[in-house]
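Here is how the chains run, residue by residue.
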Amino acid sequence: MNALPGVNDATVVRDTLSRPLHSLRISVTDRCNLRCQYCMPEEEYSWLPRETLLTFEEIATLTDLFTDSGVDKVSLTAGEPLMRRDLPRLIHRLTKNRRLKDIALTTNGILLGDQAQALYDAGLHRVTVSLDTLRPERFRALTRRDSFQQVLAGIETVVRIGFPQFKLDTVAIRGFNDDELSHLIEYGTRVGAEVRFIEYMDVGGATRWSRDRVMSRQQILAELGREYGAITPIVDATSAPADRFRLADGTVFGIISSTTAPFCSSCDRSRLTADGMWYRCLYATKGTDLRTPLRAGKSPDELLEVLTKEWSARDDRGAEERLALRDRSPLVPASSLKKNPHLEMHTRGG
Ligand code: SAM
C-alpha cells in the first residue's frame, strides 16, 4: 500500500521527495482575537495591508488551480478565521469545487456560538477547536483575553448542531497544562471530539519557545499511560500530521509531534496566506507571491505552471532540519517578525 495519498493519481504534482501536492491550508486573515503566549506573545504586531487581502473570489480562483494540481483537502485557518466577515460565503463557494473532498476549519472557538450554524449550512462539516486548558484562569494567563466561557459556548453549539467531524487541538506545554491532559481527553469524550496534542513548536512567532517547555510525544504518552494504562498505536497509511492512539476503554486521541518526531517525509501540505503568499513549509522563510500574477490577469495556465514548477522543486524538510540542530532556539527574533509578518505563525495559519 502507498503511504502518500494521491501518489498514484497522474494529475498530482510531486516534489523532489515524491510528496504530492495534496493539502492546502488557507489563511483568511492575519488578525486574531487572542494573544496566546506561544503564538502572539508580543504587545504589538505589524499587520498585512488591507488592500492586499485576497477577496473570496480570488481565494476560490486560486483554490480551483490548486485542485487542478492535486489538492483535494483544504483547511481554513488564520489568525482567527471567524474574524473574517462572511466566511460562510467562502465555504459555500468552495463546496462548488467538485475536486475538494474535504473542507475543514481551525478556530479558537470564540465566535462559533454565533457562526457555527451558518458555517454548517454553508457546507462545512469538519471543525477543529483549539483548546489548551479547561481552567479559566489559565486560559486568561495564556491567551491574555477573557473569552473562556465563549469558547465553551462555541463548543456546545458545535455539539448541538452535530458536525460529523469535530476535533480539539491542544498545545501541550510543560509547566502549563501538562497536568490537564487526561481532563482534556475526558472533556473530548463528553463533547464527542477527538483530542490531538500538539508539541510546542519553535516556529516564527513563538519567540518565547524553549526546549524545556516542550512536552514531547514520549512524555505525553508516558503521562497518559500512568493515568490510563496500556496505549495502543493505531496504524493507518494517511499523511495526516497526527499519530493516533487508543486507550483501553476505546478512546482515541492523536499526537502531532512536529518538534521531536517530524513527519516531513510525508508532508503534503502547503499554506496560502490571506494576501496570497504561498509557503511550502511551515518553517520556510521564502514563499511565492500568487496575488501579483493573479491581479495582473495571468491566465489559469500560466498560474498553474507556477504551482507546478514551485512544487516540483520543493525540497523543504523544515522540521527535520530544526530537529538536527544542536542549539535550538526560537526560529525568528521578534525584530525580524515586525519587519516581515509573513514569517509569523498567525499569518501562515499554523
Ligand atoms: N486561531 C485558530 C486556532 O486557534 O485554531 C487558527 C490559527 S492557530 C495559529 C492554528 C493552530 O496553531 C492552533 O491550534 C494553535 O494552537 C497552533 N499553534 C500556534 N502556535 C503554535 C506553536 N508555537 N506550537 C504549536 N502549535 C501552535
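Residues numbered from 1 in each chain as written. Predicted model: local features only at pLDDT ≥ 70, side-chain atom pairs only at ≥ 80, totals over all residues. Heavy atoms only, no water.

## Structural notes on the site of the ligand
Okay, step 1: Residues in close proximity to the ligand total 19 residues, the closest being Tyr38, Gly79, Thr106, Ser130 and Met201.
Okay, step 2: One nitrogen or oxygen atom from the side chain of Glu80 is found 3.0 Å from a nitrogen atom belonging to the ligand.
Okay, step 3: Separating a nitrogen atom of the ligand from a backbone N or O atom of Met201 is a distance of 2.9 Å.
Okay, step 4: Protein chains bury 94% of the 550 Å² of accessible surface belonging to the ligand in isolation.
Okay, step 5: Among the elements of the structure, strand S3 (102-107) and strand S6 (194-199) are those that each provide at least two residues to the shell around the ligand. (Near = heavy atom within 4 Å. Polar contact = N/O pair within 3.5 Å; in protein donor to acceptor, adjacent residues only side chain to side chain. Areas by Shrake-Rupley, 256 points an atom, 1.4 Å probe, with all protein chains shown as cover. Helix = DSSP H or I, 4+ residues; strand = E, 2+ residues; numbered from the N terminus.)

## With respect to the pairing of strand S10 (residues 269-272)
Successive side chains on a regular strand alternate, one facing one side of the sheet and the next facing the other.
Okay, step 1: Neither face of S10 is left uncovered, since the one carrying Arg269 and Arg271 and the one carrying Ser270 and Leu272 both have all their residues buried.
Okay, step 2: Pairing of strand S1 (residues 23-27) with S10 involves 4 bridges; the strand directions are parallel. In the sheet register, Ser23 faces S10, and the bridge partner there is Arg269.
Okay, step 3: Sheet topology places S10 next to strand S11 (residues 277-279); 2 bridges connect them, and they run antiparallel. If you follow Arg271 over to S11, its bridge partner there is Tyr279.
Okay, step 4: Here S10 hands over to S11 after 4 residues, with Gly276 in that stretch at a positive phi of 85°. (Buried < 20%, exposed > 50% of the residue type's maximum accessible area, 1.4 Å probe, protein only. Pairing = 2+ DSSP bridges.)

## Structural notes on the packing of helix H1 (residues 56-68) against helix H2 (residues 87-95)
Okay, step 1: Between H1 and H2, the shortest axis-to-axis distance is 10 Å and the interhelical angle comes to 30°. Relative to H2, H1 is oriented roughly parallel. As for the relative orientation of H1 and H2, their crossing is right-handed in sense. Where H1 abuts H2, its residues Phe56, Glu57, Ile59, Ala60, Thr63 and Asp64 lie against Leu87, Arg89, Leu90, Arg93 and Leu94.
Okay, step 2: Taken together, the residues of the contact of H1 with H2 sort by class into 6 nonpolar, 1 polar and 4 charged. (Axes fitted to C-alpha atoms, helices over the stretch in contact; angles between N-to-C directions. Parallel < 35°, antiparallel > 145°, perpendicular 65-115°, else oblique. Left-handed = near helix turned anticlockwise from the far one by under 90°. Contact = heavy atoms within 4.5 Å. Nonpolar A, V, L, I, M, F, W, Y, C, P; charged D, E, K, R; others polar.)

## Concerning the confidence of the model for the protein
Okay, step 1: For the protein, the mean per-residue pLDDT works out to 95, and 97% of the residues sit at or above 70.
Okay, step 2: Low confidence marks residues 1-8, where pLDDT is under 50. Its contacts with residues over four positions away, or in another chain, come to 19 contacts. (pLDDT = per-residue confidence, 0-100.)

## Describing the pattern of salt bridges
Note that side chains of opposite charge can pair when their charged atoms are close.
Okay, step 1: Inspection of every chain in the model, using the stated rule, returns 26 salt bridges.
Okay, step 2: The closest approach of N and O atoms between Asp179 and Arg135, which form a salt bridge, is 3.8 Å. Here Arg135 lies in the loop between strand S4 (126-130) and helix H4 (136-143) and Asp179 lies in the loop between strand S5 (165-172) and helix H6 (181-191), a separation of 44 residues in the sequence.
Okay, step 3: Residue classification places Arg135 among the partly exposed positions, given a relative accessible area of 31%.
Okay, step 4: Across the pair Asp202 and Arg322 runs a salt bridge whose closest N-O atoms are separated by 2.9 Å. Here the residue Asp202 occupies a position in the loop between S6 and helix H7 (217-228), and Arg322 occupies one in helix H10 (residues 318-324), the gap between them amounting to 120 residues.
Okay, step 5: The buried category is assigned to Arg322, whose relative accessible area is 11%.
Okay, step 6: One network of salt bridges, with partners in common, ties together Arg135, Arg138, Asp179 and Glu180. (Salt bridge = Lys/Arg side-chain N within 4 Å of Asp/Glu carboxyl O.)

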